[in-house]
Amino acid sequence: MRRKRNPLGPTDAQLRANLAGEASADAALALQEAEAAAVETGIEPTEGEPQVPRDLTAAAFFDVDNTMVQGASIIHFARGLAARNYISLSDMARFGWQQLKFRVTGKENSDDVASGKEKALAFIAGRETAEFTRLGEEIYDQLIADKIWPGTRALAQMHLDAGQQVWLVTATPVELAQVIAKRLGLTGALGTVVESEDGKFTGRLVGDILHGAGKAHAVRTLAVREGLNLKRCTAYSDSHNDVPMLSLVGTAVAINPDADLKEVARNRGWEIRDYRTGRKAAKIGVPTALALGAAGGALAAVVSRKKR
């Protein structure tokens, strides 16, 4: 006998978003551990090189598309694949048209999302995860590296200099997101997880695309596992779709915001920075973000000295 779903419980979409978030946190930490294991151990720090004290309870979370990277990272990746004859020019044009509609309207079309997801999963099914990562590295170096917003990169560096973790949070596949994070010297990336078996993609998502509520759940899950205090964390995004993630942390910053996010940011007193026009950032919230980083770094230094 089939059990009916509790109408007061989570919807199927919410369950998929939660699963996507947990899978993203799992994958992010696993990739981070793999990266650490690949680095040679026992190397002494360079003499005289200052070591940044770690701030163990604060972190920064950055959306990728139009926040860290100019344009959509998945479109840049698709361009690279088309140049290598992995996908057709017609598919490339379709992806571009869908992204253009999204950027103009600020809203995603469910049919476009479903169609894009189906084609992407069909492309990736059966391919080796290592091949996908290698392609991501090549395409990042050729097409994405010079599209990083300098202002956003400087904000990420501010958190790194304060000894904080810095994570990318994106709907882009986690393997490609990890490449971007690694190239930028960040802690790691939370991204969409595609199931894999024996080193090959099955073509099935774990949960759903990491998006909206899924991003917030991924950040919350990572915070629990890393011992982060979300009130001391900062999140950055350009999209109204990321309001759940932005609302989760103590300091939210709108970067190159769409119209809906700009309105929310103004109503809630969030900082707004727009690197598309060269306008100076609004000053709302800047002292809070800077103070959290500086205070956290100073506290970590005091704790470190006491231990010694």
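Residues numbered from 1 in each chain as written. Predicted model: local features only at pLDDT ≥ 70, side-chain atom pairs only at ≥ 80, totals over all residues. Heavy atoms only, no water.

## Section: the side chain of histidine 159
Short version of the rule: Segments assigned H or I by DSSP are reported as helices when at least four residues long, segments assigned E as strands when at least two residues long, and all are numbered from the N terminus. Only protein chains enter the accessibility calculation, which uses a 1.4 Å probe. A residue is then buried if its area is under 20% of the maximum for its type, exposed if over 50%, and partly exposed in between. Residues adjacent in sequence count toward polar contacts only when both atoms are side-chain atoms; beyond that, a polar contact is any pair of N or O atoms within 3.5 Å, and within protein one must be able to donate a hydrogen and the other to accept it. Contacts are assigned to residue pairs that have any heavy atoms within 4.5 Å of one another.
Summarising the element assignment, histidine 159 is placed in helix H6 (residues 150-161). According to the relative accessible area criterion, histidine 159 is buried, its value standing at 2%. Polar side-chain contacts of histidine 159 include one of 2.8 Å to the side chain of glutamine 164. Discounting residues that sit within four places of it in the chain, histidine 159 has contacts with Ala60, Phe62, Gln164, Val166, Thr234 and Tyr236.

## Some details on the pairing of strand E3 (residues 188-192)
The condition that has to hold: Only strands joined by at least two bridges in the DSSP assignment are considered to pair. If the strands point away from the viewer and the path from the first strand over the helix to the second runs clockwise, then the crossover is right-handed.
Counting buried positions over the five residues of E3 gives five, a clear majority of the element. With four bridges joining them, strand E2 (residues 165-173) and E3 adopt parallel strand pairing. Counterpart to leucine 168 in the pairing with E3 is alanine 189. This β-α-β element, E2 to helix H7 (residues 174-184) to E3, shows right-handed connectivity.

## Things to note about the sheet that holds E3
Here is the rule: Throughout, an axis means a line fitted to C-alpha atoms (over the contacting stretch in the case of helices), and angles, computed between N-to-C directions, take values from 0 to 180 degrees.
What the six strands build is an open sheet, ordered E3-E2-E1-E6-E7-E8; its pairing is parallel. With partners counted over all chains shown, the strands left at the sheet margins are E3 and strand E8 (271-273), one partner each. Across the sheet, the axes of successive neighbouring strands diverge by a mean angle of 20°, strand direction being ignored. As judged from the four bridges shared by strand E1 (residues 59-62) and E2, these two strands associate in the parallel manner.

## Here's the deal with the pattern of salt bridges
Side chains that carry opposite charge are capable of pairing whenever their charged atoms lie near each other. Rules: A carboxyl oxygen of Asp or Glu within 4 Å of a side-chain nitrogen of Lys or Arg is what we treat as a salt bridge.
In total, this model carries 14 salt bridges according to the counting rule given. Across the pair aspartate 55 and arginine 232 runs a salt bridge, and its minimum N-O distance is 3.0 Å. Within this pair, whereas aspartate 55 is found in the loop between helix H1 (12-38) and E1, its partner arginine 232 is found in the loop between helix H8 (213-226) and strand E6 (234-237), the two being separated by 177 residues in sequence. On the basis of relative accessible area, aspartate 55 is assigned to the buried category, the value being 6%. As a salt-bridge pair, arginine 183 and aspartate 141 come within 2.9 Å of each other at their nearest N and O atoms. In this pair, arginine 183 sits in helix H7 while aspartate 141 sits in helix H5 (residues 129-144), placing the two residues 42 residues apart along the sequence. A residue is classified by how much of its surface remains accessible, and aspartate 141, at 45% relative accessible area, is partly exposed. Through salt bridges with shared partners, one network takes in Asp63, Lys215 and Asp242.

## With respect to the nonpolar core
Condition: What is meant by a nonpolar core is a set of buried Ala, Val, Leu, Ile, Met, Phe, Trp, Tyr and Cys residues, joined one to another through side-chain atoms within 4.5 Å.
Among the nonpolar cores identified, the biggest contains 31 residues, and Phe61, Val169, Leu190, Val219, Leu230, Cys233 and Trp270 are the most heavily contacted of them. Listed by contribution, the elements that provide at least two residues to this core are H1, E1, E2, H8, helix H9 (243-248), strand E7 (251-255) and helix H10 (259-268). The dominant element in this core, judged by the number of residues it contributes, is H8, at five residues. Beyond its immediate stretch of four places on either side in the chain, valine 169 contacts Phe61, Phe62, Asp63, Val64, Leu190, Leu210, Lys215, Val219 and Met245. The next biggest cluster of nonpolar side chains, apart from the first, holds 23 residues, and it includes Phe62, Met68, Ile144 and Ala189.

## Considering the packing of H5 against H7
For clarity, the cut-off: Here the word oblique covers every angle except those under 35 degrees (roughly parallel), over 145 (roughly antiparallel) and from 65 to 115 (roughly perpendicular). Less than a right angle of anticlockwise turn of the near helix away from the far helix marks a crossing as left-handed, whereas a clockwise turn marks it as right-handed. Gly falls in the polar group here, along with every residue not listed as nonpolar (Ala, Val, Leu, Ile, Met, Phe, Trp, Tyr, Cys, Pro) or charged (Asp, Glu, Lys, Arg).
Between H5 and H7, the least distance of the axes is 9 Å, while the angle of their chain directions is 50°. The angle between H5 and H7 falls in the class oblique. Along this stretch, H5 crosses H7, giving a crossing that reads as right-handed. Listed contacts from H7 to Phe132, Thr133, Gly136, Glu137, Tyr140 and Asp141 of H5 are Glu175, Leu176, Val179, Ile180, Arg183 and Leu184. Considered class by class, the residues forming the contact of H5 with H7 number six nonpolar, two polar and four charged.

## Here we look at the packing of helix H2 (residues 73-83) against H5
Viewed as axis vectors pointing N to C, H2 and H5 meet at an angle of 100°, and their least axial separation amounts to 9 Å. Classified by the interaxial angle, the pair formed by H2 and H5 is roughly perpendicular. Within the contact between the two elements, H2 uses Ser73, His76, Phe77, Arg79, Gly80 and Leu81 and H5 uses Phe132, Leu135, Gly136, Ile139, Leu143 and Ile144. Of the residues contributing to the contact of H2 with H5, the split by class is seven nonpolar, four polar and one charged.

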